[in-house]
Amino acid sequence: MSDGHQHNGHEHVPSRQRRRFPGISSRAYEHPADRSALVALRRLSGFDTVFKALSGLLPERSLRLLFLSDSVRVSDRQFAHLNDMLRDACYILDLEKVPPMYVNQDPQPNAMCIGLDEPIIVVTTGLVELLDEEEMRAVIGHEVGHALSGHSVYRTILLFLTSLAVRVAWIPLGNLAIMAIVTALREWFRKSELSADRAGLLVGQDLQASMRGLMKIAGGNHLHEMNVDAFLEQADEYEAGGDLRDSVLKILNVLPRSHPFATIRAAELKKWAASRDYQRIMDGHYPRRSEDKDASVKDSWRESANHYATHVKSSKDPLMKLVSDIADGAGDLGGRVRRGFEGFTGSAPKDQPPSDPPPRDED
């Protein structure tokens, strides 16, 4: 039996005491990059049109029927230990309505939260077999975090445009506007994963379990062969390594992905777990849902801007260093860009005008 809810009437009594967060707002754990990317996505030309069209085409009932017919619905009679963890996660984050959860036969370890009107959580058999109980608790908390943040709607649109649209002839996949929307959705979803990882930590309250889960997703069930510190060193090496050519390749590598790299997720989560923000939440000081309507959009943007400024200043990535120098007004930028790319595109001619500053990367 899991250490999830053990019911005494309507009481929830987890056997390992974890802090609860009554009325917690998703603003408490949302990564600044997640919020900014979502605002940028909503402002994208044509997004509203596509969103409304697909919302009308994807009735909620069909999604539920699909999973009811071809997956196992988690309950107190099926995957009872997962059901306990799901109820526990909803109790800790104070999500009143427990989303339906399904286990889907798929050897690829994965989990998702989808749905337009109401969220549905789906985990694969590959994930259930890969993770131990505390690691799985963090993953279920991650998905409940997506549900609390209202992410399932956008995830469903992304899933449709990337996976299901190949079967619908009228979706113009080659259309630049659709491609722009898919790219922006992926960019937002990668950032939203950082928020949901934080929600998973708030639910599991076990940083090592969260780290182990991310390591296993990257390297499989070989924990005796892996080391958290070495895994985090990979993230540091990835961030700092190489020259401007590598910075560009990093951007190109991440564009087709829906999830950020596991090492980066682990490093981001460890940084947040050591922060004052996390400690304040654990001490019971956090924004409440009841205050959401009064929350200032301006404050949210200011927080995002401060996050990016700090990120660019402290980044070891060569492209980010260059962006920081541009912001500080360093001289001979054109020459520095050319030198950074020498050997990649060939040496630039001496009379070539200075290059434009590179675009600011969001993460």
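Our subject is the structure listed above.
These notes cover the structure that comes with them. Keep in mind the model is a prediction, meaning the values are calculated, not measured. (Residues numbered from 1 in each chain as written. Predicted model: local features only at pLDDT ≥ 70, side-chain atom pairs only at ≥ 80, totals over all residues. Heavy atoms only, no water.)

### Structural notes on the packing of aromatic side chains
Evaluation of the coordinates by the stated rule reveals 7 aromatic pairs. With centroids separated by 6.1 Å and ring planes inclined at 20°, the aromatic side chains of Phe47 and Tyr154 adopt a geometry described as stacked. Taken together, the residues span a long stretch of sequence, with Phe47 in helix α2 (residues 47–57) and Tyr154 in helix α7 (residues 152–164) at a distance of 107 residues. Above the face of the Phe189 ring, Arg155 is positioned so that its terminal group lies 4.4 Å from the ring centre. Over the ring of Tyr286 we find Arg288; its NZ or CZ atom is 3.9 Å from the centre of that ring. (Phe/Tyr/Trp six-rings, centres within 6.5 Å; stacked < 30°, edge-to-face > 60°. Helix = DSSP H or I, 4+ residues; strand = E, 2+ residues; numbered from the N terminus. Lys NZ or Arg CZ within 6 Å of the ring centre and 35° of its normal.)

### As for helix α6 (residues 133–149)
A rise of 1.5 Å per residue sets the reference length of α6, with its 17 residues, at 24 Å; its end C-alpha atoms lie 24 Å apart and thus fit the reference within 8%. Within α6, 16 of the 17 residues are buried, which leaves it mostly tucked inside the rest of the structure. In the segment just after α6, Gly150 is the residue with positive phi, at about 75°. (Expected span 1.5 Å × (residues − 1). Buried < 20%, exposed > 50% of the residue type's maximum accessible area, 1.4 Å probe, protein only.)

### Brief notes about the packing of helix α4 (residues 80–92) against α6
Between α4 and α6, the least distance of the axes is 9 Å, while the angle of their chain directions is 50°. Regarding the angle of α4 to α6, the classification is oblique. Remark: the crossing between α4 and α6 carries right-handed chirality. Of α6, the residues touching α4 (which contributes Leu82, Met85, Leu86, Asp88, Ala89 and Cys90) are Glu133, Met136, Arg137, Ile140, Gly141 and Val144. In the contact of α4 with α6, the residues fall into 8 nonpolar, 1 polar and 3 charged. (Axes fitted to C-alpha atoms, helices over the stretch in contact; angles between N-to-C directions. Parallel < 35°, antiparallel > 145°, perpendicular 65-115°, else oblique. Left-handed = near helix turned anticlockwise from the far one by under 90°. Contact = heavy atoms within 4.5 Å. Nonpolar A, V, L, I, M, F, W, Y, C, P; charged D, E, K, R; others polar.)

### Here we look at the sheet that holds strand β4 (residues 101–104)
Spatially, 4 strands are ordered β3-β4-β6-β5 in an open sheet, and the strand pairing comes out mixed. Only two strands of the sheet have a single partner each, and these edge strands are β3 (72–73) and β5 (111–114). Here β4 pairs with strand β6 (residues 120–124) via 4 bridges, running parallel. Note on β6: the bridge partner recorded for Tyr102 is Val122. With respect to the sheet, α6 is in contact with β4, β5 and β6, its orientation differing from that of β5 by roughly 20°. (Pairing = 2+ DSSP bridges.)

### A look at the environment of Leu68
In this fold, Leu68 is placed in helix α3 (residues 60–70). Residue Leu68 is classed as partly exposed on the basis of its relative accessible area, which comes to 47%. In this structure the C-alpha to C-alpha distance between Leu68 and Tyr102, which are 34 residues apart in sequence, comes to 8.0 Å. Residues in contact with Leu68, not counting those within four places in the same chain, are Arg73 and Tyr102.

### Observations regarding the environment of Ser149
On the secondary structure map, Ser149 appears in helix α6. Overall, the relative accessible area of 17% leaves Ser149 in the buried class. For the pair formed by Ser149 and Ser192, sequence separation is 43 residues and the distance between their alpha carbons is 9.2 Å. Other than its neighbours up to four places away in sequence, Ser149 contacts Ser26, Tyr29 and Glu30.

### Topic: the pairing of β5
Residues Ala111 and Cys113 of β5 are buried on one face, and the alternating residues Met112 and Ile114, pointing to the opposite face, are buried as well. The pairing of β5 with β6 spans 4 bridges and is classified as antiparallel. Looking at β6, one finds that Cys113 is bridged to Ile121. Hairpin geometry of β5 and β6 is characterised by an intervening segment of 5 residues between the two adjacent antiparallel strands and by a positive phi of about 125° at Gly115.

### Description of the packing of helix α9 (residues 207–219) against helix α12 (residues 262–273)
Describing two packed helices takes the angle between their axes plus the distance from one axis to the other. Between α9 and α12, whose axes approach to 9 Å, the crossing angle comes to 170°. Here α9 lies roughly antiparallel to α12, going by the angle between them. Residues Leu207, Ser210, Met211, Leu214 and Ala218 of α9 lie in contact with α12, whose contacting residues are Ala262, Arg265, Ala266, Leu269, Lys270 and Ala273. Of the residues assigned to the contact of α9 with α12, the class counts are 8 nonpolar, 1 polar and 2 charged.

### Remarks on the side chain of Asn83
Along the chain, Asn83 turns up in helix α4. Using a relative accessible area of 13% as the deciding quantity, one classes Asn83 as buried. Excluding residues within four positions of it along the chain, Asn83 makes contact with Val74, Ser75 and Asp76.

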